Amino acid sequence: MTEKKKLYIKTYGCQMNVYDSGKMQDVMLPLGYEETPEYTDADMVVLNTCHIREKASEKLYSELGRIRKVKDKLKDKGRHMIIAVAGCVGQAEGEEILSRAPYVDIVVGPQSYHRLPSLVQNIRKEKGDKVDIEFPTVSKFDFLPEESAKVGISAFLTIQEGCDKFCTFCVVPYTRGAEYSRPVSEITREAMMLVERGAKEIQLLGQNVNAYHGVDHEGNAWNLGQLITHLSKVKGLERIRYTTSHPRDMHADLYRAHAEVEALQPYLHLPVQAGSNRTLKAMNRKHTREEYFMIIERLRKLRPDIAFSSDFIVGYPGETDQDFEDTMDLVRQVGFAQCYSFKYSARPGTPASLKEDQLPEDVKDARLQALQALLFQQQKDFNASIVGKTIPVLFDREGRHEGQLIGKSPYMQSVYVSADAVHQGTILNVRVDKATQNSLTGIVADTAKAA
Ligand code: 5AD
Ligand code: SF4
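Just so it is clear, the model here is predicted, and its values are computed rather than measured.

Colleague: It is not clear to me how the pattern of salt bridges should be interpreted in this structure. Could you clarify?
Modeller: Two side chains that carry opposite charge are able to pair once their charged atoms sit near each other. One pass over the full model with this rule turns up 29 salt bridges. We note a salt bridge from Lys364 to Glu361, for which the minimum N-O separation is 3.3 Å. Of this pair, Lys364 and Glu361 both sit in helix H13 (residues 361–386), separated by three residues, roughly a single helical turn. For Lys364, a relative accessible area of 6% translates into the label buried. Residue Glu361 is classed as partly exposed on the basis of its relative accessible area, which comes to 39%. A single network of salt bridges, built from pairs that share partners, joins Lys6, Asp41, Asp43 and Arg79.

Colleague: What is the right way to read the site of ligand 2 from this model?
Modeller: Surrounding ligand 2, one finds Cys163, Lys165, Phe166, Cys167, Phe169, Cys170, Val172, Pro173, Asn208, His246 and Arg285. Taken together, the residues of the shell around ligand 2 sort by class into seven nonpolar, two polar and two charged.

Colleague: Could you clarify how one ought to interpret the packing of helix H11 (residues 289–302) against helix H12 (residues 321–334) in this entry?
Modeller: The relative placement of two packed helices comes down to the angle between their axes together with the axis-to-axis distance. Where H11 contacts H12, the two axes come as close as 11 Å, and the packing angle between them is 10°. As far as their axial angle goes, H12 and H11 are roughly parallel. Counted together, Arg289, Tyr292, Phe293, Ile296 and Arg300 of H11 and Asp326, Asp329, Leu330, Gln333 and Val334 of H12 form the full contact between these two elements. Residues that form the contact of H11 with H12 fall into these classes: five nonpolar, one polar and four charged.

Colleague: Is there a simple way to think about the domain arrangement of the protein chain in this case?
Modeller: Much of the literature gives interface size as the accessible area that the parts lose upon coming together. The domains assigned to the protein chain are domain 1 (5–132), domain 2 (147–385) and domain 3 (390–449). For domain 1 versus domain 3, the separation of C-alpha centres amounts to 37 Å.

Colleague: What is the right way to read the sheet that holds strand S17 (residues 414–418) from this model?
Modeller: Backbone hydrogen bonds are what pair the strands of a sheet, in a parallel or an antiparallel way. Overall, mixed pairing links the five strands, which are arranged S15-S16-S17-S19-S18 in a closed barrel. Averaged over neighbouring strand pairs, the angle between their axes works out to 55° when direction is ignored.

Colleague: What's the story with the pairing of strand S1 (residues 5–11) in this structure? I'm lost.
Modeller: A regular strand places its side chains on the two faces of the sheet in alternate fashion. Relative to strand S2 (residues 33–35), S1 runs parallel, the two being bridged by three bridges. By the bridge assignment for S2, Leu7 is matched with Glu35. Taken together, S1, helix H1 (residues 15–28) and S2 constitute a β-α-β crossover, and its handedness is right-handed. In this structure, S1 lies alongside strand S3 (residues 44–49), joined through five bridges in parallel fashion. Bridge pairing in S3 places Leu7 opposite Met44.

Parameters and conventions
Residues numbered from 1 in each chain as written. Chains lettered and ligands numbered in written order. Predicted model: local features only at pLDDT ≥ 70, side-chain atom pairs only at ≥ 80, totals over all residues. Heavy atoms only, no water. Salt bridge = Lys/Arg side-chain N within 4 Å of Asp/Glu carboxyl O. Helix = DSSP H or I, 4+ residues; strand = E, 2+ residues; numbered from the N terminus. Buried < 20%, exposed > 50% of the residue type's maximum accessible area, 1.4 Å probe, protein only. Near = heavy atom within 4 Å. Nonpolar A, V, L, I, M, F, W, Y, C, P; charged D, E, K, R; others polar. Axes fitted to C-alpha atoms, helices over the stretch in contact; angles between N-to-C directions. Parallel < 35°, antiparallel > 145°, perpendicular 65-115°, else oblique. Contact = heavy atoms within 4.5 Å. Domains from an automatic or database assignment. Pairing = 2+ DSSP bridges. Right-handed = clockwise from strand over helix to strand, strands pointing away.

Quick look at the structure:
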């Protein structure tokens, strides 16, 4: 039997990275690596990085500095800690990481995780490649095992990767590469495996998930609407979600799925980024504010209780007061359940970073503050609007207090109740009696079940 080794993975950024970290754990299992919650005694540390946030590479180097101290300590005890940098910063910086932090053993891009075991073996033999940030012609999914060590009640399933949209501010098309969709049969198999192992909800992931165009066994391309309708037939799969979508890729089958597929949850994360047509055009978003309103209206007609979430960037180069006001106006008109908002920050290598009309920090700060105040208010209002209603909640974890269960509403809110732990993994109706900005509390309405 292989001797057990400790693997510590720290994940930054999006759900895509969370999914990838799980897969990295899976590919390292056959080499005897098991997950550990702390890096102080780890045989291998993987930092699965995100390039979207500000100062991503500086933050990486300071984290690496801390880990290096532990690596040195272990070295004194005769142990070698393998440090690997994965994810989008690894992809973007490549060899640069090895020259700035030579104690790093491996740099691996998101398309090459299936090669992690051989990169580790190279280290052990002290030879071969240390950096693998190629975009291979054969999909990484062909190599990644599906056997996951842990399957959550709500599980992720990557169906699509990469992006061909080239929004001017964004690094994703450079770090994750061109759009790729996994075949229908592979996704179906993985979904069935997840459900068999306890998942009740599946979140379909992709940087541009509604641009999905994977093929079926006859070579016909399917869209996301067709895929969701198909997956809803997997026995035992109670909830389906998908993220992240682009307004350009909403299509008839997807609208239909929102109207007809019961498992598809009435919640959509649909980033708009800005509310001014001038800014949207400058960002190369390929849609207008009017088109965004039309999508929202159409979905609300089909599924009146649908809730929306979005991403916003304030202070894009050249954004005027009026442009910003248009963003505020869009938010007021739509009414969001929950949103992410960011100050624009220049990412090396993107077209927007080369623009001369960058805005001063204080202007960006003030705009972000104003936008967030409005979004927080909307979030509070949305949560308050659920009070008094009875909603189905999927309980996926135990709370901190004895006898407390936490679950998710159809609208992605955390819901706290008192109920026996045996209900974990089930959907119960909850009458919501209180709301805060971030969560709901309530009483299980199916009393016979909750006892
Ligand atoms: N500056 C600020 N926010 C950004 N995002 C992506 N790139 C940048 C950038 N350069 C935000 C977008 C995207 C989210 C994941 O991160 O809003 O939707
Ligand atoms: Fe980035 Fe735009 Fe692609 Fe989203 S659609 S990943 S923001 S380039």
